[in-house]
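Spelled out, the chains give:
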Amino acid sequence: MPNRRRKIKIVDISIQKIQGKIPLIVGTGSNNTYASGKFSEKISKIDGVDGLLVVTPYYNKATQEGLYEHFSYIAKKSTKPIILYSVPGRTNVNISIKTMKKLAQIENILGIKDATGDLSYTTSLRKELPKDFAIYSGNDDLITPLMSVGGNGVISVLANIYPKQVHELCQYALDGDFKKARDIQIKYFDITKALFNEVNPIGVKFAASYLKLCKNILRLPLTQAGKETEDLIKNLWRS
């Protein structure tokens, strides 16, 4: 089955499982602007999809003008809300504050998943962007700090195995109770680090399989977790 057909099948299965109980956001980004635009357009037409997550184009190392043109083209092709995704550690490019201000003026670009790990950048986003522009943490170890400077939540790895706890952390932060949010952040700090002992999603896939949520099968070039990672996760889960 071609890759795009496989992705659509996964979306269809997700819609059937969710049954409208929670929003479904589908990743449609790549480093090919026109392919991403076409795929975003197709996914936007599926009932049950609530939004799109579009990553910065990897490998190409686009200029800021290129990033603006890339995202604005995809936004024109989509009828769904879009969350941008900046993860320089994987793509080697970040969206500047100046470019973000321009992108935030596009009607259906409504938020960003900020995986820069740079709280100064996050603070600048909150300072410069509209108050209703959503900022989500892309780093589970920085949820509370990011929300303390105006973030709205997290797009999480940890929540795959601790959904209730991550939800509570975010709710406490949204309510302004950062002491309780901090306590949860610290309590699950070690398991968060263990999940990233090897490149994500290797750790969380093992953790989910350990909890009988799925099978521990990954596609190359990803490989199964090593014994050190397995032992870290098992021991922290028991503690």
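Residues numbered from 1 in each chain as written. Predicted model: local features only at pLDDT ≥ 70, side-chain atom pairs only at ≥ 80, totals over all residues. Heavy atoms only, no water.

Naming follows an unreviewed UniProt entry, where the protein chain appears as 4-hydroxy-tetrahydrodipicolinate synthase of Anaerococcus hydrogenalis ACS-025-V-Sch4. The annotation that UniProt attaches to the protein chain under Pathway (unreviewed entry) is "Amino-acid biosynthesis; L-lysine biosynthesis via DAP pathway; (S)-tetrahydrodipicolinate from L-aspartate: step 3/4." The annotation that UniProt attaches to the protein chain under Catalytic activity (unreviewed entry) is "L-aspartate 4-semialdehyde + pyruvate = (2S,4S)-4-hydroxy-2,3,4,5-tetrahydrodipicolinate + H2O + H(+)". (UniProt positions renumbered as here; feature names shortened; annotations may be inferred.)

## A look at the pattern of salt bridges
For the structure on display, the rule yields 8 salt bridges. For lysine 227, the salt bridge is made with aspartate 231, and the minimal N-O distance between the two is 2.6 Å. Of this pair, lysine 227 and aspartate 231 are both found in helix α12 (residues 227–238), 4 residues apart, which corresponds to roughly one turn of the helix. The class for lysine 227 is exposed, based on a relative accessible area of 62%. Classification of aspartate 231 as partly exposed rests on a relative accessible area of 27%. Several salt bridges share partner residues, and in doing so they unite Lys101, Lys127 and Glu128 into one network. (Salt bridge = Lys/Arg side-chain N within 4 Å of Asp/Glu carboxyl O. Helix = DSSP H or I, 4+ residues; strand = E, 2+ residues; numbered from the N terminus. Buried < 20%, exposed > 50% of the residue type's maximum accessible area, 1.4 Å probe, protein only.)

## Notes on the nonpolar core
Judged by nonpolar contacts, the single largest core of 31 residues is most densely connected at Ile43, Leu84, Met100 and Ile109. For this core, the secondary-structure elements that each account for two or more residues are α1 (3–18), α2 (33–44), β2 (51–55), α3 (64–77), β3 (82–86), α5 (97–103), β4 (109–114) and α6 (119–128). With 4 residues, α3 is the largest single contributor of residues to this core. Residue contacts for leucine 84: discarding those within four places in its chain leaves Leu53, Val54, Phe71, Ile95, Met100, Leu103, Ile109, Gly111, Ile112 and Lys113. (Core = buried A, V, L, I, M, F, W, Y, C linked by side-chain atoms within 4.5 Å. Contact = heavy atoms within 4.5 Å.)

## Points about the UniProt feature "binding site: pyruvate" (unreviewed entry) in the protein chain
Per the UniProt record, "binding site: pyruvate" (unreviewed entry) is found at Ile155. Mapped onto the elements, isoleucine 155 comes out in the loop between β6 (153–154) and α8 (163–174). With residues up to four places along the chain from it excluded, the contact list for isoleucine 155 reads Leu53, Lys113, Tyr136, Ser137 and Gly138.

## Comments concerning the sheet that holds β6
Taking strand neighbours across the sheet as the criterion, the 6 strands line up as β1-β2-β3-β4-β5-β6 in an open arrangement whose pairing is parallel. Edge positions in the sheet fall to β1 (25–27) and β6, since each has one partner strand and no second. Where strand β5 (residues 134–137) and β6 come together, 2 bridges link them in parallel fashion. Note on β6: the bridge partner recorded for tyrosine 136 is glycine 153. (Pairing = 2+ DSSP bridges.)

## Brief notes about the UniProt feature "active site" (unreviewed entry) in the protein chain
The residues that UniProt annotates with the feature "active site" (unreviewed entry) are Tyr85 and Lys113. In terms of the greatest pairwise C-alpha distance, the residues named above, spread along 29 residues, form a tight cluster of at most 4.6 Å across. Discounting residues that sit within four places of it in the chain, tyrosine 85 has contacts with Leu53, Val54, Val55, Thr56, Lys113 and Ala115. The residue lysine 113 is located in strand β4 in this model. Setting aside anything within four residues of it in sequence, one finds lysine 113 in contact with Leu53, Ile83, Leu84, Tyr85, Ser86, Tyr136, Ser137, Gly138 and Ile155.

## What to know about the pairing of β2
Taking burial as the measure, the 5 residues of β2 include 5 buried ones, the bulk of the element. With burial as the criterion, each face of β2 is covered, one bearing Gly51, Leu53 and Val55 and the other bearing Leu52 and Val54. Of the strand pairs in this sheet, β1 and β2 are connected by 3 bridges, and their pairing is parallel. Paired with glycine 27 across the two strands is leucine 53, which belongs to β2. You can see the chain leave β1, run along α2 and come back into β2, and the turn it takes is right-handed. Where β2 and β3 come together, 4 bridges link them in parallel fashion. (Right-handed = clockwise from strand over helix to strand, strands pointing away.)

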